[in-house]
Amino acid sequence: MNSDQRNIDRDRYYGLRVGDIVSPKDPRGKEWNQGAAEVIEYGHMDNNEVYIRAQDGTETHWVAEWCDIITKVEDR
């Protein structure tokens, strides 16, 4: 299945879709020091894990619940 078609109803991964621009936070609500990031993939074994890419190209995994959506992929 194409990434664009997964989670189209936003009922998994805390409403995140691949391509969304998000503001990652830590458990205390502090913003990630890399600024905004793009969701690039879902965690494979966990409905609460996404992979994100910062504007500088840094990629990491993050807790989906700790990401606030800035721009939805369908609005880009």
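Treat the numbers as computed from the prediction; the structure is a model and nothing was measured.

Q: I would appreciate a short explanation of the environment of histidine 44 in the present structure.
A: Relative to the elements of secondary structure, histidine 44 occurs in the loop between strand 2 (37–42) and strand 3 (49–54). When the C-alpha positions of histidine 44 and aspartate 26 are compared, they lie 21 Å apart, and in sequence the two are 18 residues distant.

Q: What am I meant to see in the nonpolar core here?
A: Most often, soluble globular proteins have nonpolar side chains that are buried together. Among the nonpolar cores identified, the biggest contains 14 residues, and Leu16, Val22, Trp32, Val39, Val50, Ile52 and Trp62 are the most heavily contacted of them. Of all the secondary structure elements, the ones that give two or more residues to this core are strand 2 and strand 3.

Q: In this structure, what is going on with unusual backbone geometry? I would like to understand it.
A: The phi angle of most residues is negative, glycine excepted, and most peptide bonds adopt the trans form. Even without being glycine, asparagine 7 reaches a positive phi, approximately 60 degrees. Among the secondary structure elements, asparagine 7 is positioned in the segment before strand 1 (21–24). Asparagine 7 sits in the buried class, given a relative accessible area of 12%. Residue tyrosine 14 is not a glycine yet carries a positive backbone phi of 50 degrees. Along the chain, the position of tyrosine 14 falls in the segment before strand 1.

Q: I tried to follow the packing of aromatic side chains on my own but got confused; where do I start?
A: A ring pair, where both rings are aromatic, is described by two values, the distance of the centres and the angle of the planes. Taken as a whole and assessed by the stated rule, the structure comprises 2 aromatic pairs. Note on tyrosine 13 and tyrosine 42: the rings are 4.3 Å apart at their centroids and 20 degrees apart in plane angle, and the pair reads as stacked. Placement of the pair is tyrosine 13 in the segment before strand 1 and tyrosine 42 in strand 2, with a sequence separation of 29 residues. Taking the relative accessible area as the measure of exposure, tyrosine 13 reaches 8% and is therefore buried. Arranged with centres 5.4 Å apart and planes meeting at 50 degrees, the rings of tryptophan 32 and tryptophan 62 form a pair that is tilted. Here tryptophan 32, found in the loop between strand 1 and strand 2, pairs with tryptophan 62, found in strand 4 (residues 59–63); they are 30 residues apart in sequence, far enough to count as distant. In this pair, the class of tryptophan 32 matches that of tryptophan 62, namely buried.

What counts as what
Residues numbered from 1 in each chain as written. Predicted model: local features only at pLDDT ≥ 70, side-chain atom pairs only at ≥ 80, totals over all residues. Heavy atoms only, no water. Helix = DSSP H or I, 4+ residues; strand = E, 2+ residues; numbered from the N terminus. Core = buried A, V, L, I, M, F, W, Y, C linked by side-chain atoms within 4.5 Å. Buried < 20%, exposed > 50% of the residue type's maximum accessible area, 1.4 Å probe, protein only. Phe/Tyr/Trp six-rings, centres within 6.5 Å; stacked < 30°, edge-to-face > 60°.

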